[in-house]
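A structural walkthrough
Take a look at the letters that make up each chain.
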Amino acid sequence: MWNFLPIRILKGKKRKMQFKITKKNRRLGRWDYGSNAIYLVSICTEKCVPYLGVVVASQNIATLQKTEIGKCAENCINEIQNHYNFVEIIHFEILPNIIYLILKINKSVQDKSWNVGNFGPQSMNLGAIVRGFKIGVTKFSIQQQIVFCWQRRFFDRIIRDESELNSIKKFIAKQKKLALTNKFFPKNINELIQNQLK
């Protein structure tokens, strides 16, 4: 997760080698994230605080009750296709502190505004899609004066075939089942949020 980059520092006439700790880039090298592909994206809340929902049990059945932020996140996911006509949402799951999103980027051959491999405005790639989604939810939280924050980065995986897609869907279903049986998520979300902010 961490890289050590050597840095030369001048002190007087002597050169001294020191190491600066930097976070490793999690993106796949040489891959154009505006290219047509199916992607898994997972986006966490800051410090894994369950801002998005609360697990509640009634008659021995656990269900996820979305908070206002969770409902907004669901609306923003459904709106992605309206803002980016080349994106198709295949599957998504909102858990108390993480969102799993499987989406497909499918730009037509006639689309001349995107040049594969050329650096340019970052408005038609995976990073721009995730950034727009996160901004939409954050803006809602500010307008409603709700305490909320995303983790700064997101995880992605390029899904290469149907078998991998099915495996990832099973993984997400398993994560949902674990979240519903996990005692970590309290019934009183406000109490947990206040404890995290201390």
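Rules and cut-offs
Residues numbered from 1 in each chain as written. Predicted model: local features only at pLDDT ≥ 70, side-chain atom pairs only at ≥ 80, totals over all residues. Heavy atoms only, no water. Helix = DSSP H or I, 4+ residues; strand = E, 2+ residues; numbered from the N terminus. Buried < 20%, exposed > 50% of the residue type's maximum accessible area, 1.4 Å probe, protein only. Contact = heavy atoms within 4.5 Å. Core = buried A, V, L, I, M, F, W, Y, C linked by side-chain atoms within 4.5 Å. Phe/Tyr/Trp six-rings, centres within 6.5 Å; stacked < 30°, edge-to-face > 60°. Expected span 1.5 Å × (residues − 1).

**Considerations on the overall build of the chain**
Per the secondary structure count, the chain includes four helices and eight strands. Out of the 198 residues in the chain, the part that is buried amounts to 36%. Expressed as a percentage of contacts within the chain between residues at least 6 apart in sequence, the contacts between residues at least 24 apart total 61%.

**A few points about the nonpolar core**
Membership of the largest hydrophobic core comes to 34 residues, with the highest contact counts inside it found for Val87, Leu103, Phe133 and Val137. Residue assignment for this core shows that the elements contributing at least two residues are β3 (37–44), α1 (68–83), β6 (87–94), β7 (98–105) and α2 (126–143). With sequence-adjacent residues up to four places away left out, phenylalanine 133 is seen in contact with Ile43, Ala73, Cys76, Ile77, Ile80, Ile99 and Trp150.

**Some thoughts on the packing of aromatic side chains**
Scanning all chains against the criterion turns up five aromatic pairs. Look at tyrosine 51 and phenylalanine 148: their rings are 5.3 Å apart centre to centre, the planes differ by 75 degrees, and that puts the pair in the edge-to-face class. Of this pair, tyrosine 51 sits in the loop between β3 and β4 (53–58) while phenylalanine 148 sits in the loop between α2 and β8 (155–159), and the two are 97 residues apart along the sequence. Considering the side-chain rings of tyrosine 84 and phenylalanine 86, the 5.9 Å spacing of their centres and the 75 degrees angle between planes classify their relative orientation as edge-to-face. For tyrosine 84, a relative accessible area of 16% corresponds to the buried category. Judged by relative accessible area, which is 8%, phenylalanine 86 ranks as buried. Taken together, the ring pairs in this structure connect Tyr51, Phe133, Phe148 and Trp150 into an aromatic cluster.

**Section: the environment of isoleucine 43**
Relative to the helices and strands, isoleucine 43 resides in strand β3. On the basis of relative accessible area, isoleucine 43 is assigned to the buried category, the value being 0%. Residues isoleucine 43 and tryptophan 150, spaced 107 residues apart in sequence, show a C-alpha to C-alpha distance of 7.8 Å. Contacts of isoleucine 43, omitting those with residues within four sequence positions, involve Asn97, Ile98, Ile99, Val130, Phe133, Lys134, Trp150 and Phe154.

**As for α2**
In this model, α2 (18 residues) spans 26 Å end to end at C-alpha, consistent with the 26 Å of a helix rising 1.5 Å per residue. Where α2 is concerned, the buried positions are Leu126, Ala128, Ile129, Val130, Phe133, Lys134, Val137 and Ser141. Of the surrounding elements, those touching the buried residues of α2 are β3, α1, β6, β7 and β8. Downstream of α2 by one or two residues, glutamine 145 has phi in the positive range, about 55 degrees.

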